Amino acid sequence: MKNILFLLLVLCIHLSVIAQPNQCDGIVSGVVMDIDSGEPLPFATVQILNTANGTTANENGEFKLTNICDGEIDLEVRFLGYKTIVHHHDAHHTNPTIKMAANETILESVVVEEIKQGEIQSIAIQKKDISQLSAVTSNIGELTNEISGVSLLKTGTNISKPILHGLHSNRVLVVNNGVRHAYQVWGEEHAPEIDPSNVDQIQVVKGAATVKYGPDALGGVILYNSKRPKFEEDLNGTIGSAFQTNGQSINSKVNLGQGFKHFAWNVGGFGVYQGDLEAPDYVLSNTSKQEYGGNFNTLLHQEKFDLQLSGSYFQQKIGILRGSIVGNLNDLQNAIDRGEPNPTFPSTYEIQNPRQDTRHGLIKSDLSLFLGQHVFNVSYAYQDNDRKEFDIRRGILNERPVIDLRLQSHNFETEWIQPEKGRWNGSSGIQLFTHHSVNKPGSNPINFVPDYDVLNIGAFTVQSLNFDNTTFELGARFDYQKLSVADTVREIFIYDNEVDYANATFTLGFKKRLNDKLTIFSNIGSAWRPPNVAELYSFGYHHSRIQFGLWRYELEPQIATPTNSVLDEDDRPVPTEKGIKWVGGIELRKSKVNAEFIFYANQIKNYIFLRPYGITTNIAGTFPYFLYDQTDAFFAGSDWDIQFNHSDKLTSEMKISYVYAIGTEDQQALIEVPPLNVYYMLDYKRGNWGYGLNLSYTARQWHEPSVIEPGDFGNSEVEINRDEIFDFMAPPNDYFLLGGSVSYGHNNWKAIIKSNNILNTSYRIYTNRLRYFADAPGRNVSVAFQYKF
């Protein structure tokens, strides 16, 4: 660490020496669009305030100002019928996207820009402004699911984590407020603990983004971006509240902000109080939840630097479906056959076992140094994650968690944004993170995972060669990671171990603008991921099933035996996952149609997955048990997102996503791969009123593994091949969902009524781990009110 800090100091001194004085060769380009529809505003007027330097946007809303002498300027943007906006801009921020609001709306014109950072342009990147969606829901999973190609891995109704191109958990990196989100990501039933009131935009990187973001990004990266404080704006804010009929839930949130010439701040908070949800035909007992959190951001701007301090806190208490706990083999088979969970109780707000209690805190500082034409970003973040999981136990044990983990993490990153030299630009950086996780004493006689420490240090560079309409990119990275574990129960030492990993990755791509309307891009990149602590060492019961890591069982033909001792690399080698992912696409931008067609293929060697292997009984009941295994896997698919601007009042959008996945060693289908999904949305606006209609179709997963029902394990007449990938139940049938919304805005007020599953359809989600026991929630009507000032 001392050597790293010394090198950073030397680099800062070097950059300050080579900094160049300002010249009148500055360029600012950007785009002007309607804040509501996203349509470009052609021929908008853009001018540097109090100067004669100005220009007019082209028919696509794009503008370019040249011969700028000052490093900091005030841009004034005008368009007939829209609210004029003045924006303070400096050369060290990205080119602005100016979103203008019509005079008759309650919205205000805004500008979107960030500190310059190296970004891989040839990878498919999709962004979603969630300011309107978050008015009616505080579920971060539902907000993420709005982006094409993203689906959700669920455990019941309240726990969800993103699936991107068929991959999830340790293969999809979650970045919260610019920092790698540190939580017990190894659990499929562990959702990222993110404060939705602190999320202004969701950005999805769909390529093999390991070069930029580090290990665990084989599928891609999901960035939850917070609202950046804005300078020179009066005290402003948003207050909102919503009620939902399904679960009788109430959620509220508030955001405040203010900006001065060199200092700006914002704060926010939210709370959710929800009762048991209901399927169309029965109550989903013990699915209540309680959530609350808060956040702050401060930003200090000076000529030579920006300093941002931010933080957030999230706390959650959620129930797990009571009917997912069964006592014997017959009960498990009956639960699958019955179609209705047992037991089922009247709806209540009370949260009983099984349940999860989690909290997450984040403190972060970002320093951006502007040294001539160089930008040097330095950030540090500390995260504290606490997770308690409770099961149904007897007597006083019922109040003790079966899993009680605390994870403390430190992240340190530096990035140097190079000045443009001719056609070249790029960035390089160093990233370091550590995780320290411990089992708190007094929870379980056997730790499901041991205490562990992770140290990862990586260095990367991404370089771009730019021509008039074409960009070529090349990136490389090297990472070293060490995993250290130690298991101690009631002060009795059980085992310890240490494993080291190292790997190099690359990315190569291009993006070409064929004309004003059509752009194509293609990227191929390598990625890698070392096995996580659960994949190696998990042992025992965890959320309605029993599972064993790769170093915690012996495997004989048709028999798996848990080991009293722990295996290691000599007993069973577990090589790292290594992937090659290609992603390519076409972007179409026309006055009436905006479309993006993305295609991808991902070959992963040594793919680690959790597979059903049989049925076992312990003191808590009868449960399916799962083993971690390895194979080679192939994923391919496509995401289509097409937006139609039929008129200034009527717009529509269609999204189609499909992924195909197979284990290539034995040509076997993998489990919990999202099926084909088609989504269509129609929006109509007239004056202060807005109307929406959405239709969603999810197909049955026709590329499915074989099925061995729990009852077959007790039937001597049924031959079971455990070497084959199988599931305990066939994929659910296809289903069609209908939704709609009505909104009205007046002055600073806005009211929204939204309904999901209007037809009250009974259905089950293939990527829900509790699909064996219950249907998904039925009809839900949300009523939301929002006030802006």
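Structure shown above.
1. What to know about unusual backbone geometry
For the bond running from Asn342 to Pro343, omega is 5°, close enough to zero to count as cis. Of note, Pro343 is situated in the loop between helix H4 (329-338) and strand S22 (355-371). Along the chain, Asn353 connects to Pro354 via a cis peptide bond; the corresponding omega equals 0°. Summarising the element assignment, Pro354 is placed in the loop between H4 and S22. The backbone phi angle of His165 is positive, close to 55°, even though this residue is not glycine. Mapped onto the secondary structure, His165 falls in the loop between strand S11 (159-164) and strand S12 (167-168). A relative accessible area of 4% means that His165 is categorised as buried. Within the chain, Asn760 stands out as a residue other than glycine whose phi angle is a positive 55°.

2. Regarding the packing of aromatic side chains
Describing an aromatic ring pair means giving the distance of the ring centres and the angle of the ring planes. Summed over the entire model, instances satisfying the criterion amount to 23 aromatic pairs. Seen in terms of ring centroids, Tyr787 and Phe789 are 6.0 Å apart; in terms of plane orientation they differ by 25°. Their pairing is stacked. Residue classification places Phe789 among the partly exposed residues on the basis of a relative accessible area of 35%. Aromatic ring contacts, followed pair by pair, group Phe626, Phe726, Phe728, Tyr772 and Phe773 into a single cluster. The ring centre of Phe390 lies 3.7 Å from the NZ or CZ of Arg355, which sits over that ring.

3. Considering the pattern of salt bridges
Evaluated as defined, the whole model comprises 30 salt bridges. Put simply, Lys649 and Asp648 hold a salt bridge, and the shortest N to O gap is 3.9 Å. Taking the relative accessible area as the measure of exposure, Lys649 reaches 32% and is therefore partly exposed. Exposure remark for Asp648: the relative accessible area of 69% places this residue in the exposed category. Put simply, Glu704 and Arg700 hold a salt bridge, and the shortest N to O gap is 2.4 Å. Classification of Glu704 by relative accessible area gives partly exposed; the value is 28%.

4. A short note on the nonpolar core
Residues Trp186, Tyr452, Tyr537, Trp551, Phe728 and Phe773 are the most contacted members of the largest nonpolar core, which totals 63 residues. Setting aside residues no more than four positions away along its own chain, Tyr452 makes contact with Gln184, Trp186, Leu407, His435, His436, Ser437, Leu483, Ser484, Val485 and Val533. With 33 residues, the next largest nonpolar core counts Phe521, Ala527, Ile598 and Ile671 among its residues.

5. Description of a negative patch on the surface
Residues Glu554, Glu556, Glu569, Asp570 and Asp571 make up a contiguous surface patch of negative charge. Here Asp571 is to be found in the loop between strand S33 (559-562) and strand S34 (577-589).

6. Let's talk about the environment of Phe626
Mapping Phe626 onto the fold places it in strand S36 (residues 621-645). When residues no more than four places from it in sequence are discounted, the contact partners of Phe626 are Arg545, Ile546, Gln547, Phe548, Leu610, Arg611, Pro612, Tyr613 and Phe728.

7. Re the sheet that holds strand S5 (residues 72-78)
In spatial order, the strands read S3-S2-S5-S6; together these 4 strands make up an open sheet with antiparallel pairing. Each edge of the open sheet is held by one strand with a lone partner, namely strand S3 (54-56) and strand S6 (85-90). Each strand of the sheet is rotated relative to its neighbour by a mean of 20°, with strand direction disregarded. Bridge count between strand S2 (residues 45-48) and S3: 3 bridges; the pairing is antiparallel. The residue of S3 that forms the bridge with Gln47 is Gly54.

Calculation criteria
- Residues numbered from 1 in each chain as written.
- Predicted model: local features only at pLDDT ≥ 70, side-chain atom pairs only at ≥ 80, totals over all residues.
- Heavy atoms only, no water.
- Helix = DSSP H or I, 4+ residues; strand = E, 2+ residues; numbered from the N terminus.
- Buried < 20%, exposed > 50% of the residue type's maximum accessible area, 1.4 Å probe, protein only.
- Phe/Tyr/Trp six-rings, centres within 6.5 Å; stacked < 30°, edge-to-face > 60°.
- Lys NZ or Arg CZ within 6 Å of the ring centre and 35° of its normal.
- Salt bridge = Lys/Arg side-chain N within 4 Å of Asp/Glu carboxyl O.
- Core = buried A, V, L, I, M, F, W, Y, C linked by side-chain atoms within 4.5 Å.
- Contact = heavy atoms within 4.5 Å.
- Patch = residues over 30% accessible without salt bridge, like charges linked within 9 Å, V, L, I, M, F, W, Y side chains within 5 Å.
- Areas by Shrake-Rupley, 256 points an atom, 1.4 Å probe, with all protein chains shown as cover.
- Lys, Arg positive; Asp, Glu negative; His and termini not counted.
- Charge placed at Lys NZ, Arg CZ, Asp CG, Glu CD.
- Pairing = 2+ DSSP bridges.
- Axes fitted to C-alpha atoms, helices over the stretch in contact; angles between N-to-C directions.

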